[in-house]
Amino acid sequence: MLQRLSAYGRLARFNNPAGTLLLLWPTLWGLWAAAQGFPGWYWLAVFVGGVIVMRAFGCVVNDMFDRDLDRVVARTKNRPLAAGAVSFAEAGAVALFFLLLALALWWLLPPLARWGSIAALAIAVLYPLSKRYLPLPQAVLGLAFSSGLLIADMTLRNAPPSLTAWLLFGGNFLWIIAYDTIYAMADKADDLAHGGVGSAALLFGRHDVAIVSILYSLCLLWLSASGLIIGYGASYQVALIAAAVCVIRFWQKYKTRHPQACMAAFRANQWFGLFVFVGIAAAEYPT
């Protein structure tokens, strides 16, 4: 029994929390910005729980779509579904379990935010398909991983997303394209050899390192300008400087294009998200 539960946990990526943190930090950006400070333990628990559940659901659905592709990619061939440790029916049951948990949290949201959550769910399900039909599926992931930010804003304000939320959304979207391109660079050789999927790494070709660097630069400039528009002070800009130092460290890894170095750079992006959050929290701290 414990062996089965362990396989289900790996299917949901509980053994790899980096992706959960990459989804969590921008959601917390939205929460703190909308609440203009600490949003309260209730909403913090609801959205942290929502991030965990939806990331797990998305991973299971992704593996259900990609099980045949995962078997021929070195990095993913040992995933439970691809390796045969979990059956397709079991994976479907696990996905349904997380979907029911998400539904329980969904009922806690105000009506407008519920509609936003439905749209976010649809995007999460469509993402695995987008890799088969779009040359830049990272844009779809950008929408999926930015949805928590907008839903948090709609929940706390009980209104359509604010200008602040859209400004943070723009920065987050650029960040996602950057770090998920690095993720795709780790699989570039396998994707070229086996085909069947599109990715930013393939689309950008030999210019991948330069374009990722440009995306990070645009993200930092966008977030900095957004802070000025929103009215965030020096503490926010200092936090962005720390985030920029992180980007330099990422560059030292992904410029090599080595798969392990790219994965290390990808996972380290959680620190970028943390520093932006610290900047927002400091700017919104009551004085």
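Relevant structure appears above.
In this report, the structure presented in the accompanying data block is examined.

Some points on the packing of aromatic side chains
Centre-to-centre distance and the angle between the planes together describe a pair of aromatic rings.
Step number 1: Throughout the structure, instances matching the rule amount to 20 aromatic pairs.
Step number 2: Between the aromatic rings of Trp25 and Phe277, the centroid separation amounts to 5.4 Å while the plane-to-plane angle is 35 degrees, which identifies the pairing as tilted. Pair noted here: Trp25 is in helix H2 (residues 18-35) and Phe277 is in helix H13 (residues 259-284), with a separation of 252 residues, a long-range link. Both residues of the pair, Trp25 and Phe277, count as buried.
Step number 3: Three or more aromatic residues joined by ring pairs make a cluster, and in this case those are Trp29, Trp175, Tyr179, Tyr183, Tyr216, Phe250, Tyr254, Phe266 and Phe272.

So, the pattern of salt bridges
Where charged atoms from two side chains of opposite charge approach closely, those side chains can pair.
Step number 1: Inspection of every chain in the model, using the stated rule, returns 10 salt bridges.
Step number 2: Among the salt bridges present, the one from Arg75 reaches Asp187, with a minimum N-O distance of 2.4 Å. Of this pair, Arg75 sits in the loop between helix H3 (41-70) and helix H4 (80-83) while Asp187 sits in the loop between helix H8 (163-186) and helix H9 (188-194); the two residues are 112 residues apart in sequence, bridging distant segments of the chain.
Step number 3: For Arg75, a relative accessible area of 30% gives the class partly exposed.
Step number 4: On the accessibility criterion, Asp187 (9% relative accessible area) is buried.

Let's talk about the packing of H8 against H13
Step number 1: Viewed as axis vectors pointing N to C, H8 and H13 meet at an angle of 165 degrees, and their least axial separation amounts to 7 Å. Judged by the angle between their axes, H8 and H13 are roughly antiparallel. H8 and H13 meet at a crossing whose hand is left-handed. Within the contact between the two elements, H8 uses Leu168, Trp175, Tyr179, Ile182, Tyr183, Met185 and Ala186 and H13 uses Pro259, Cys262, Met263, Ala265, Phe266, Asn269, Phe272, Gly273 and Ile280.
Step number 2: Classifying every residue of the contact of H8 with H13 gives 14 nonpolar, 2 polar and no charged.

Some remarks on unusual backbone geometry
Step number 1: The backbone phi angle of Arg13 is positive, close to 65 degrees, even though this residue is not glycine.
Step number 2: Summarising the element assignment, Arg13 is placed in the loop between helix H1 (2-11) and H2.
Step number 3: A positive phi is found at Asn158, a non-glycine position, where the angle reads about 50 degrees.
Step number 4: Among the structural elements, Asn158 can be located in the loop between helix H7 (138-157) and H8.

Thoughts on the nonpolar core
Step number 1: Counting 65 residues, the largest nonpolar core has Trp29, Tyr216, Phe250, Tyr254 and Phe272 as its most contacted members.
Step number 2: Secondary-structure elements contributing two or more residues to this core are H2, H3, helix H6 (111-133), H7, H8, helix H11 (208-230), helix H12 (234-254) and H13.
Step number 3: Per element, the largest residue contribution to this core is 13 residues, and it comes from H8.
Step number 4: In contact with Tyr216, other than residues within four places in its own chain, are Trp175, Ala178, Tyr179, Ile182, Val247, Phe250, Tyr254 and Asn269.
Step number 5: Counting residues in each nonpolar core, the second largest holds 16 residues, with Ala7, Ala56, Met64 and Ala91 among its members.

A word on H2
Step number 1: Between the first and last C-alpha of H2 there are 26 Å, a value that for 18 residues agrees with the 26 Å anticipated at 1.5 Å per step.
Step number 2: With 16 of 18 residues buried, H2 lies mostly within the body of the structure.
Step number 3: Where H2 terminates, the next one or two residues include Gln36, which has phi positive at roughly 55 degrees.

Conventions adopted
- Residues numbered from 1 in each chain as written.
- Predicted model: local features only at pLDDT ≥ 70, side-chain atom pairs only at ≥ 80, totals over all residues.
- Heavy atoms only, no water.
- Phe/Tyr/Trp six-rings, centres within 6.5 Å; stacked < 30°, edge-to-face > 60°.
- Helix = DSSP H or I, 4+ residues; strand = E, 2+ residues; numbered from the N terminus.
- Buried < 20%, exposed > 50% of the residue type's maximum accessible area, 1.4 Å probe, protein only.
- Salt bridge = Lys/Arg side-chain N within 4 Å of Asp/Glu carboxyl O.
- Axes fitted to C-alpha atoms, helices over the stretch in contact; angles between N-to-C directions.
- Parallel < 35°, antiparallel > 145°, perpendicular 65-115°, else oblique.
- Left-handed = near helix turned anticlockwise from the far one by under 90°.
- Contact = heavy atoms within 4.5 Å.
- Nonpolar A, V, L, I, M, F, W, Y, C, P; charged D, E, K, R; others polar.
- Core = buried A, V, L, I, M, F, W, Y, C linked by side-chain atoms within 4.5 Å.
- Expected span 1.5 Å × (residues − 1).

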